[in-house]
Amino acid sequence: MSGALAVMRETIRENRGAWLAMTFGFVVVYYMTLLAIVVWRIGSLPNYVVFYNWPADVLNIIRSTPSVRDMLPIIGNEWIFETGYKNYSYGHGIAEWSLAIIPPKVVVVTLLGALSGLSVLLLRRLRAHCPARMQGAGAAAAGLGSLLVAMTNVTLFWVSCCSTATWVVGLSLLGLETTTAYALLPYGTDLSVVGFAILLATNYLLARGCLPRAPRRPARSARGLAVQDL
Amino acid sequence: MRLKALSVAAAAGLLLIAPAYAETIDIAIGHQSMCTDTYTAGIIVKELHLLDKDLPHAGKYANATYNITWKDYSSGGPITNEMLANKLNFGVMGDYPLIVNGAKFQATDSLRTLYVSGTGYNLKGSGNGIDVPVASKIYDIKQLTGKSVSTPVGSASWGMLIKALDDNHMTLASLDLLNQSPAVGAANIQADKIDAHADFCPWSELMEFRGTGRKIYDGSQTGVPYLHGLVVRKDFADKYPEVVVSFIKAIYQAGQWVDADPMKASQMMEGWTGVEKEVLYLYFSKGGLLTLDPTLKPQWIKTLQFDHDVLAKADLSPPLDFKSWVDDSFIRKAYAEMGVNYDQDLAKIVDPAVANRGLPDEVWEAKDGIKTYPTLKQFLKAVADIKATGAKINATYVYDNNSGLKMFGKSGFYVKSPDGSYTVFLLKDDADSYAKSVKGQVLSFDQAVSTAGA
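Scoring rules and cut-offs
Residues numbered from 1 in each chain as written. Chains lettered and ligands numbered in written order. Predicted model: local features only at pLDDT ≥ 70, side-chain atom pairs only at ≥ 80, totals over all residues. Heavy atoms only, no water. Helix = DSSP H or I, 4+ residues; strand = E, 2+ residues; numbered from the N terminus. Contact = heavy atoms within 4.5 Å. Phe/Tyr/Trp six-rings, centres within 6.5 Å; stacked < 30°, edge-to-face > 60°. Lys NZ or Arg CZ within 6 Å of the ring centre and 35° of its normal. Pairing = 2+ DSSP bridges. Axes fitted to C-alpha atoms, helices over the stretch in contact; angles between N-to-C directions. Salt bridge = Lys/Arg side-chain N within 4 Å of Asp/Glu carboxyl O. Polar contact = N/O pair within 3.5 Å; in protein donor to acceptor, adjacent residues only side chain to side chain. Nonpolar A, V, L, I, M, F, W, Y, C, P; charged D, E, K, R; others polar.

### Focus on the side chain of Thr119 of chain B
Step number 1: With respect to the helices and strands, Thr119 of chain B occurs in strand S4 (residues 113-122).
Step number 2: Not counting the four nearest positions on each side in its chain, Thr119 of chain B is found in contact with Asp37, Thr38, Thr40, Ala41, Val92, His228, Gly229, Thr291, Leu292, Asp293 and Pro294 of chain B.

Structural data, given as structure tokens:
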């Protein structure tokens, strides 16, 4: 375990600039991709932005919510920024969709960026002494983990869904069939945790794959003769 | 000397006490200007400053000042989130979001809301509806099998869709179901991109009025009442119960203001909301789709329990203890202070099939306002005459023969009987059956106007 961790630390230390760029670049790319997909799907460019006083809102929640256990999920839903499309054909304008920036979600996406970035660096390091099949498996596993986390942290809103969870609405907006999207609804947190677990496990295994290999002892055959690994 | 000392002490004491009462009370209200059935607790109260007029200024509120803020939302969901974050004290919304509001708060350890007042209702569920593109060949919900149908999932119209399908031995899986907001659904109906869109008030009628959609299913066919109401954070209600009572008085007064002159009210509300006055008149006029009545009827609680079961089955709502959530003490106090008999209003239920029987059909002329006609034949003849003069008609209103529901004249299916009389129906199936029974002829609005005017 400590050997794998040392490899991860070393990989980050050796590629600090690239790792930081990938971590924060991932966040930017993530939200830009969400925006691009929704614009492509709906066909309307965002026409409004709203900034929220997040610290003041959080303070207000802390003051007015007696239970800490209640406080955290409410804070977890507080928006700091919103952009979207308002359709002025109806009433004085009605928002059709919006993309929100929610600080705790940004933290999750940043963590996802950091782990994905590490996967990329470890895969690059493996290239020298690992079979392509193992690299492919590593990349696929990291991709799956990232997808699960990314999918369950979508902050797109289909404004008039009266009681639906954000990430599922986001999936519908992104084009996933409604029944399938709603079937996934109860498993949001689980999927996110599984995604992170896959990413962590992948990075661990990749780091182990990068460990310098000690020369193996020749195994003994039943007849007591040394058998050389080929 | 002693008296002087006492006076000084008393004055000092008063000075110490006074700041506790001289506070600014923030009242933040979330409403929906695109949802007609919320208006008597929302846009009307806001624009006519009814709450400001009713707020207490005596007793412990003697030195209080009020800071009232209104925030407009597209649906009830975000209002609940803002109430959880204590950015809103009051929220006005439809039945499904109301339930989610109560349930979400009850899912917390320390926060609660109270359902303290209604705004209005339609006994049979009108306000929700399913529309198809106006040129569509679909006339019946059964024809939707395998078709693309959109709805805002989790909303009242989604609940109606589930019940409607169930009543017709269909399931959601039999449709190509899409999750779309009202504005997107309405735009897609207009562009003929989807086969049908199920929505809540006033979107069906908006599409009909604009001539982009045609209703194939009315919420009233489910027989499940459609209602809206007001929720308040319990911590706010505990601290300022008199403010809650004042708000309910304002809701009652808003209803009276509408009933006094629905045409003028519709015109003013159009200015405030951007929703066409003709659509608003369909809801707020005598015999309209909405009965303005804030009382919390036991039937409504049963309806909300039914709605909650639908939401819970779809994993869209935590449990809700209705007993602790519904609180009629504030509305009873408001009625008592206004000198209105609450129990009498509570017992009153308006069934359009009964209440609208015999109401005259209406033509809203752009120049001369609303004119009424006692029979359909006279109504159709009048429309023909007005059209012949080239005068502009804003809208026409008739009543479905079966349900008594008010609807746009142009949306009806007319049956001309052999005796020359006319009968109008909301649904084509009903018109066809009736025509068969009387050996009559089914006509569109334009055809009926032509034959009556000839």
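Moving on from the coordinates now.
### Side note on the packing of aromatic side chains
Residues and elements named next belong to chain B.
Step number 1: Counting across every chain of the model gives 26 aromatic pairs over all chains.
Step number 2: Seen from their ring centres, Phe209 and Phe408 are 5.6 Å apart, and the 35° between their planes marks the pair as tilted. In this pair, Phe209 sits in helix H8 (residues 203-210) while Phe408 sits in strand S15 (residues 406-408), placing the two residues 199 residues apart along the sequence.
Step number 3: Members of the aromatic cluster, each reached through a chain of ring pairs, are Tyr61, Trp70, Phe90, Phe236, Tyr240 and Phe247.
Step number 4: Stacked on the ring of Tyr397, the Lys or Arg Lys406 has its end atom at 5.5 Å from the ring centre.
Step number 5: In this structure, Lys428 is placed above the aromatic ring of Tyr139, and the distance from its NZ or CZ to the ring centre is 5.3 Å.

### A word on the sheet that holds strand S17 (residues 422-425) of chain B
Residue and element names in this part refer to chain B.
Step number 1: Spatial strand order, S17-S16-S18: three strands in an open sheet with antiparallel pairing. If you trace the sheet from one side to the other, it starts and ends with S17 and strand S18 (441-443), each paired once. Averaged over all pairs of adjacent strands, the angle between their axes in this sheet comes to 30°, without regard to strand direction.
Step number 2: Two strands pair when backbone bridges link them, and strand S16 (residues 413-416) and S17 are joined in this way by four bridges, in the antiparallel orientation. Each residue of the ladder has a partner; that of Phe413, found in S17, is Phe425.
Step number 3: Here helix H18 (residues 376-389) sits on the sheet in contact with S16 and S17, set at roughly 85° to S17.

### Focus: the pattern of salt bridges
A side chain with one charge may pair with a side chain of the opposite charge, provided their charged atoms come close.
Step number 1: The final tally for this structure, using the stated rule, is 28 salt bridges over all chains.
Step number 2: The salt bridge involving Lys234 of chain B is made with Asp238 of chain B; its shortest N-O contact spans 3.0 Å. Taken together, the positions of Lys234 of chain B and Asp238 of chain B, both in helix H9 (residues 234-239) and four residues apart, correspond to about one turn of that helix.
Step number 3: Note that Asp345 of chain B and Lys348 of chain B form a salt bridge whose closest N and O atoms lie 3.5 Å from each other.
Step number 4: In the salt-bridge network here, residues are joined through shared partners; they are Asp57 and Glu78 of chain A together with Glu82 and Lys87 of chain B.

### So, the interface of chain A and chain B
Step number 1: Between chain A and chain B, the contact holds 31 residues from the first and 44 residues from the second.
Step number 2: Summed over the shared surface of chain A and chain B, the result is three salt bridges.
Step number 3: Of the charged contacts in the structure, one is a salt bridge between Asp57 of chain A and Lys87 of chain B, with a shortest N-O distance of 3.4 Å.
Step number 4: Counting the contacts that link chain A with chain B gives 15 residue pairs in polar contact (both at pLDDT 80 or more).
Step number 5: Looking at the side of chain A that touches chain B, the elements with two or more residues in it are helix H3 (54-64), helix H4 (68-75), strand S3 (94-101) and helix H8 (178-184) of chain A.
Step number 6: Ranked by residues supplied to the side of chain A that touches chain B, first place goes to H3 of chain A with four residues.
Step number 7: Among the residues forming the side of chain A that touches chain B, the class breakdown is 13 nonpolar, 13 polar and five charged.

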